[in-house]
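# Chains, contacts and geometry: an overview
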Amino acid sequence: MSQEPMISVIMPVYNQQNFIGAAIESILAQTYSKFELIIFDDGSTDDSLKIIQSYDDPRIRVVWGKGNRKLVPPLNDGLRMARGKYVARMDSDDISLPTRFEEQVSFLETHPDVDICGAFFRTIGRGINYVASYPIEHNDIKLALMFFCSFAHPAIMIRRSTILEKNLFYDEAFLYAEDYDLWTRMAWEGCVFYNIPKVL
């Protein structure tokens, strides 16, 4: 890659051969192209790694091995490997709409006080179709954290400088609530939140 990416996308994968192709293609189809996609194959036993390696794009960085370590270690590895100004999360069974990165980068670039920017999402598959909305403004998001997780994890973008300066890595003790734990610690550290009020 000839220049540093603006965004580092972190995508852990474990046995997602039915969905990983669509997830990768949704990232490669972004209207904002200055990103690196760091894919961690966490010891898949299906064809996930083979599918990942079939993509020939210089923005993709593939990491594999070490067996199935669960979700949190690859996420922290990704944060340490990231080179972008912003870090975006992506799940291996989700689809990002084409303008997601463009809209989130545009917002963060024009709102330098905001540390993390999320968005709404729409469910896909199994005949279920609904839009999950979240509180939008900082104070409402912070208040909602008392009751539920007020960010969609695979829809967030965070300033890497915030992660490094405040040492805000995921805690392995919260395997099934690693995102909720991180948001609450970010709130405690005085980070500023925002959710773009549209499906991305």
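Since we're looking at a predicted model, the values are computed, not measured. (Residues numbered from 1 in each chain as written. Predicted model: local features only at pLDDT ≥ 70, side-chain atom pairs only at ≥ 80, totals over all residues. Heavy atoms only, no water.)

## Focus: the state of the cysteines
- Summed over all chains, the structure comprises zero disulfides.
- Left without a disulfide partner, Cys117 is nearest to the cysteine sulfur of Cys191, which lies 14 Å away. (Disulfide = S-S within 2.5 Å.)

## A short note on the pattern of salt bridges
- Inspection of the entire model under this criterion finds eight salt bridges.
- Notably, a salt bridge pairs Arg83 with Glu4, separated by 3.5 Å at the nearest N-O pair. In this pair, Arg83 is assigned in the loop between α3 (72–81) and β4 (86–89) and Glu4 in the segment before β1 (7–13), connecting sequence segments 79 residues apart.
- Assessed through its relative accessible area of 27%, Arg83 is described here as partly exposed.
- Taking relative accessible area as the criterion, Glu4 reaches 52% and is therefore assigned exposed.
- Measuring nitrogen to oxygen at the nearest pair gives 3.1 Å for the salt bridge that ties Arg83 to Glu36. Here Arg83, found in the loop between α3 and β4, pairs with Glu36, found in strand β2 (residues 35–41); they are 47 residues apart in sequence, far enough to count as distant.
- One connected set of salt bridges, linked through shared partners, spans Glu4, Glu36, Arg61 and Arg83. (Salt bridge = Lys/Arg side-chain N within 4 Å of Asp/Glu carboxyl O. Helix = DSSP H or I, 4+ residues; strand = E, 2+ residues; numbered from the N terminus. Buried < 20%, exposed > 50% of the residue type's maximum accessible area, 1.4 Å probe, protein only.)

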